[in-house]
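# Coordinate inspection notes
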Amino acid sequence: MANFKDSPHFAVHDDYYTPKIAWEKISHLIPKNIIILEACMLNASQSKSAEYLKELLPTCVVRADTRLDILKDFVPCSMIITNIPFSTELKKQILSRFVEIDKPFITLLNSCNLYSNYFKEIFKDKFDEVQIIHPQGKINYDKLEDGVLKPTKNCSFYSVYLCYKMDIPTKDLWLL
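This one's a predicted model, so the numbers in the text were calculated from it and none came from an experiment.

Cut-offs and rules
Residues numbered from 1 in each chain as written. Predicted model: local features only at pLDDT ≥ 70, side-chain atom pairs only at ≥ 80, totals over all residues. Heavy atoms only, no water. Pairing = 2+ DSSP bridges. Helix = DSSP H or I, 4+ residues; strand = E, 2+ residues; numbered from the N terminus. Axes fitted to C-alpha atoms, helices over the stretch in contact; angles between N-to-C directions. Buried < 20%, exposed > 50% of the residue type's maximum accessible area, 1.4 Å probe, protein only. Polar contact = N/O pair within 3.5 Å; in protein donor to acceptor, adjacent residues only side chain to side chain. Contact = heavy atoms within 4.5 Å. Core = buried A, V, L, I, M, F, W, Y, C linked by side-chain atoms within 4.5 Å. Arc of directions from axis to C-beta. Expected span 1.5 Å × (residues − 1).

### Here's the deal with the sheet that holds strand E5 (residues 105-110)
- If you trace the six strands from one edge of the open sheet to the other, you get E3-E2-E4-E5-E9-E6, paired in mixed fashion. In the strand order of this sheet, the two ends are held by strand E3 (61-64) and strand E6 (130-133), each with one partner. Geometrically, the sheet is characterised by an average inter-axis angle of 25 degrees between neighbouring strands, direction not taken into account.
- As paired strands, strand E2 (residues 35-38) and strand E4 (residues 79-83) are joined by two bridges and run parallel to one another.

### Section: the side chain of Lys91
- Its place among the elements puts Lys91 in helix H3 (residues 88-101).
- When its relative accessible area of 3% is taken as the criterion, Lys91 is described as buried.
- At 3.3 Å, the side chain of Lys91 and the side chain of Asn113 are in polar contact.
- Contacts of Lys91, omitting those with residues within four sequence positions, involve Ile84, Pro85, Phe86, Leu109, Asn113 and Tyr118.

### Let's talk about the nonpolar core
- By size, the foremost hydrophobic cluster in this structure holds 28 residues, and its most contacted members are Ile30, Ile36, Ile133 and Tyr161.
- Put simply, the parts of the chain that give this core at least two residues each are helix H1 (20-24), helix H2 (49-56), E4, E5 and strand E9 (159-164).
- Top contributing element to this core by residue count: H2, with three residues.
- In contact with Ile133, other than residues within four places in its own chain, are Ile26, Leu29, Val160, Tyr161, Cys163, Ile168, Asp172, Leu173 and Leu175.

### Some thoughts on H2
- Those residues of H2 that sit buried are Ser49, Ala50, Tyr52 and Leu53. The buried residues of H2 occupy one face: seen down the axis, they fall within an arc of 160 degrees.

### A word on H3
- Taking 1.5 Å per residue as the helical rise, H3 with its 14 residues ought to reach 20 Å, and the 20 Å between its terminal C-alpha atoms agrees with that figure.
- Within H3, burial applies to Lys91, Ile94, Leu95, Arg97, Phe98, Val99 and Ile101.
- For H3, the secondary structure elements touched by its buried residues are E4, E5, helix H4 (117-122) and E9.
- Asp102 occupies a position one or two residues after H3 and carries a positive phi of about 65 degrees.

Have a look at this one:
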């Protein structure tokens, strides 16, 4: 078994973005003719997430604003689709806010979060509304380097789609 203390030192880099393939994998599970909010675009002017959603879901209205702080503001919508930040403290705040807003949502996150105490606390009375979509293999995110988004390979963790109030058929929770 490996231990993080045995890992080599590396520089922290938080500018990773959702690749189009991540939204392609689940586009068939998203209702048509709805208003979607890409809620985690604050200061993410290089993100193409909303652009990808608009392309993949042409019958939906996709709202996104790089000035919107989902922790303070909310734009009316039918559902939220996003990739929340990796930072644990920010992730806890955003997930709590999403539950407070109480709209259906799908968000990408590291699968290890499912086993955390904060996850259990946030969804303690709502587990009957939670579903997890398991993609095949890893999702490799796009890294922002020198103003250019570059695909990555070999992400260090597995991602899942956390769904809330989606009523997705069980057969669709495992993407093959």
